[in-house]
Amino acid sequence: MKLHSERFALPFFRRSLIGAAAVALCAGPAFAVEPFVVKDIRVEGIQRTEAGTVFSYLPVRVGETFNDEKGIAALKALYATGIFKDIRLEEDNGVLVVLVEERPAIASVDFTGTKEFEKDQLIKALKEIGVGEAKTFDKAAVERAEQELKRQYLSRGMYGVKVTTTITPLERNRVDVMLNVDEGDIARIRQINFVGNKTFSDKELREVLELSTSGWFTWYSKADQYSKQKLTGDIESIKSFYLDRGYLEANVESTQVAITPDKKDIYLTINITEGEKYTVSDVKIEGEMFGREEELKSLILLKPGKTYAGILLTESNKRISDRMATFGYAFANVNANPEVNREKREVAFTFYVDPGRRAYVRHMNIAGNTTTRDEVIRREFRQFEGAWYDANKVKLSRDRVDRLGYFKDVTVDTPEAPGTSDQVDVNLTVVEKPTGNFMIGGAFSQAEKFTFSAAIQQANFAGSGNTVGIELNTSRYGRTIAFSHMNPYYTEEGVSRAFEIYTRTSRPPALNIGSYTVRQQGGRISYGVPFSESDTVFFGLGFERTEIETDDTSPERFKDYIRQFGNSPVEGVGSATTNAFPLTAAWARDSRDSATTPSIGEYQRANMELDLFGDSKYVRAVYAHEMYKPITRWMTLAVKGEINYGKGLRGTRYPVFKNVYAGGIGSVRGYLGSSLGIVDPQFGDALGGATRLIGNAELQFPFPGSGKDRSLRWFAFSDVGQVYQEGEKLYLSKLRASAGLGVSWISPVGPLKLSYAKPLNAKPGDRLERFQFQMGTGF
């Protein structure tokens, strides 16, 4: 049999118009097609479609009898493909001729005027509903795309949007689809009204809502743009607000959304039924508890005689479920059944505990780590495959991964393993973030000629979990070459190793009248041994060679060092070289939920550096304590304290180059960086000190509109601090204090912190700097 798919001139004899007859048959039995045996099948009119595609939909083959039923079936099947605009069936001396007219193909889809949405996002969304490049053009699908696009704009409060579509025919039966969007003005919420609220004012209820009228930050948060999703969430927030205050039967009966004729202003009305306020009369617990009734009952936060609070009920259910999960009952179900006494306005609860089957972990899965190796994450797991499920170990695993500091977000879920009733999978998903700091710079001046500086530190080098740092500076007044490396898992047991080698030279700036030179070469190595999940002890040894040169113009503090260790015991002009062999011991405890944006937990560290065998014998100690406590779901209290202590031993003075400083971000904001304490009487430079006290307190809030994203926060703070000379009494009256506001952001290019502080007890001579910022560059 010869199959034909190309166009050719019609023969002079007449064809039987089977298609028309077949269509007529759909309406009734008045028409009929004379059956015939098919000698051949020919397809005409196709341009992009293969002839075999058409043949596959035909219900008849060569040698078979064609009749009206098969004609109707053929037409239905071919039209159902959506490929063809018109189809005819004809008979030509026993040859079945299929004449088709293809629908155009979409060559491209584009948009104009779309500012609210990313173009790539829209193209992907439209392709999912049938309007996309290389797809068959369907007018109905294009109309659906228009309506869907309008719906997306309406969901963002843009009620004035207009969408028109332009179809441009191209050669080879193709078309371009252009959607022209006029976004119009954004409709803003002009007013939010409440009806039925008697106990709480409109103002109190508005503070519960995510939606709001226009204000200071709505340009960023877009909270004044109405959306149905936000309103649904706000309705639940209102219900929770009442439930948490004892109104067990409070409900939002209805809402009305009115828009002005110009589609620019929206008026929102929320109708509330408050009901009565209830007190808890009794609390019981029943079910299978394996002899732990008293322990589980102690986890219930609702107490008889107290006002009912929905949040306490929810938290009680969660606490019991979580406690059961620590015994392997991952699917424990806890339900609190209320018994309401409306006459007395009391409610009693019976908590029913159904532990379900004990489960063990099938797989520990990791997703999202595009750079970090699996083993770097997996070695932080404390829940293991094949072991009984333990909710505490799952949470600890998540927190340990988050504390690495390599990820913007770490989430974990524990779905039931498919096809089983006693297994779960632990799926940990991470979002990578920049973990390196990079700085490069250059300058030219008559004093220093060309200078170059660069510093790089990668906290997750090549995804290995190791930290590598390189620093290079060729300035005439500060030359540095340094290399550092830290491996947190030097051994499989988790013992870490860190080392650093360096050479540094520093001189005072050209504008400083005094002259001196400090050269240091050295290195150090330390090991960290974990003693518990949150405690690590460090031991280390170092060597440092320091050379100081002075002249007649040098500051007195450097001359004192020459008098003690150098070749000029009287004038203090000359040079001195000292060697130090510092021994270090440190302890750290970290229970924070995140290393970069913590919201709960503590971090403590204590460090002692002791040099008994070198020339400049000294001891230096540091203790720091950070504490994070959530005050509400959206507010965190952060309190930090630090004390530094230094002292020279065996009759030597504390080395001047080991002094600590205070002032600026990281210590006392509002004062110029490193400016607190006594100053050099000759040149006015801050001398620092051997001892330092620092205290900080911050109330941290999510930035409006940032949702659960903790990488962008603003905060109110108060700082105190001061530095003291060796042997000086720590008079608290000398502390400097400040208070102010700030913003912190873990940006794509690195961490950024800005603050505005008001010094509270500045003294004459203090150098103030109210606005300060600190920025690191990430990659």
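This structure is a prediction, so every number in the text was calculated from the model and none was measured. (Residues numbered from 1 in each chain as written. Predicted model: local features only at pLDDT ≥ 70, side-chain atom pairs only at ≥ 80, totals over all residues. Heavy atoms only, no water.)

### Some thoughts on the overall build of the protein
Of the regular secondary structure elements, the protein holds 13 helices and 36 strands. What you see for the protein is a C-alpha radius of gyration of 38 Å, clearly larger than the 28 Å of a compact globule of 779 residues, by over 25%. Dimensions along the principal axes, computed over C-alpha positions, put the protein at roughly 130 × 80 × 60 Å. Among the 779 residues that make up the protein, the fraction classed as buried is 42%. Long-range contacts, defined here as pairs at least 24 residues apart, represent 58% of the contacts in the protein between residues at least 6 apart. When the accessible surface of the protein is summed, it comes to about 41,100 Å², and 54% of that surface belongs to carbon and sulfur atoms. Each charge class in the protein can be summarised by its mean position, and for the 101 positive and 100 negative side chains these summaries are 4 Å apart. (Helix = DSSP H or I, 4+ residues; strand = E, 2+ residues; numbered from the N terminus. Rg over C-alpha atoms; globule rule 2.2 N^0.38 Å. Buried < 20%, exposed > 50% of the residue type's maximum accessible area, 1.4 Å probe, protein only. Contact = heavy atoms within 4.5 Å. Areas by Shrake-Rupley, 256 points an atom, 1.4 Å probe, with all protein chains shown as cover. Lys, Arg positive; Asp, Glu negative; His and termini not counted. Charge placed at Lys NZ, Arg CZ, Asp CG, Glu CD.)

### Here's the deal with the packing of aromatic side chains
Taken as a whole and assessed by the stated rule, the structure comprises 20 aromatic pairs. Ring centres of Y561 and F565 lie 4.8 Å apart, and the angle between their planes is 45 degrees; this geometry places the pair in the tilted category. Here Y561 pairs with F565, and both are found in helix α13 (residues 556–565), just 4 residues apart, close to one helical turn. The interplanar angle of 50 degrees and the centroid separation of 6.0 Å between the aromatic rings of F715 and F717 together place this pair among those described as tilted. On the basis of relative accessible area, F717 is assigned to the buried category, the value being 5%. (Phe/Tyr/Trp six-rings, centres within 6.5 Å; stacked < 30°, edge-to-face > 60°.)

### A word on the sheet that holds strand β13 (residues 333–341)
Judged by pairing direction, the sheet is mixed, and its 3 strands sit side by side in the order β12-β14-β13 without closing on themselves. Looking at which strands have only one partner, the edges of the open sheet turn out to be β12 (279–287) and β13. Taken pair by pair, the neighbouring strands of this sheet meet at an average axis angle of 20 degrees, ignoring direction. In the sheet, β12 pairs with strand β14 (residues 346–354) via 8 bridges, with the strands oriented parallel. The residue bridging V283 from the neighbouring strand is F349, located in β14. With respect to the sheet, helix α10 (residues 310–325) is in contact with β12, β13 and β14, its orientation differing from that of β14 by roughly 20 degrees. (Pairing = 2+ DSSP bridges. Axes fitted to C-alpha atoms, helices over the stretch in contact; angles between N-to-C directions.)

### Digging into unusual backbone geometry
In this model, K263 sits at a positive phi of 60 degrees, which is unusual for a non-glycine residue. Relative to the assigned elements, K263 resides in the loop between β10 (251–259) and β11 (265–273). A positive phi angle, near 55 degrees, is found at R345, a position not held by glycine. Examined against the element boundaries, R345 turns out to sit in the loop between β13 and β14.

### Some words on the sheet that holds strand β6 (residues 105–112)
The 3 strands are arranged β6-β8-β7 in an open sheet whose pairing can be described as mixed. Among the strands making up the open sheet, the edge pair consists of β6 and β7 (162–170). In this sheet, adjacent strand axes meet at a mean angle of 20 degrees when their direction is disregarded. Sheet topology note: the β7/strand β8 (residues 174–182) ladder contains 9 bridges and is antiparallel. Of the residues in β8, the one forming a bridge with K162 is D182.

### What about the nonpolar core?
In terms of nonpolar packing, the biggest core is built from 21 residues, with F194, L205, I238, Y242, I270 and I272 touching the most fellow members. Here this core takes 5 residues from helix α8 (residues 228–243), the largest share from any one element. Not counting the four nearest positions on each side in its chain, F194 is found in contact with D202, L205, R206, L209, I238, I270 and I272. (Core = buried A, V, L, I, M, F, W, Y, C linked by side-chain atoms within 4.5 Å.)

### Description of the confidence of the model for the protein
Per-residue pLDDT for the protein averages 85, and the proportion of residues at 70 or more is 90%. Ignoring residues within four places in sequence, the model shows residues 1–17, a span with pLDDT below 50, making 40 contacts including any to other chains. Within the model, pLDDT remains below 50 along residues 19–31, and this stretch shows 16 contacts once partners closer than five positions in the same chain are excluded. (pLDDT = per-residue confidence, 0-100.)

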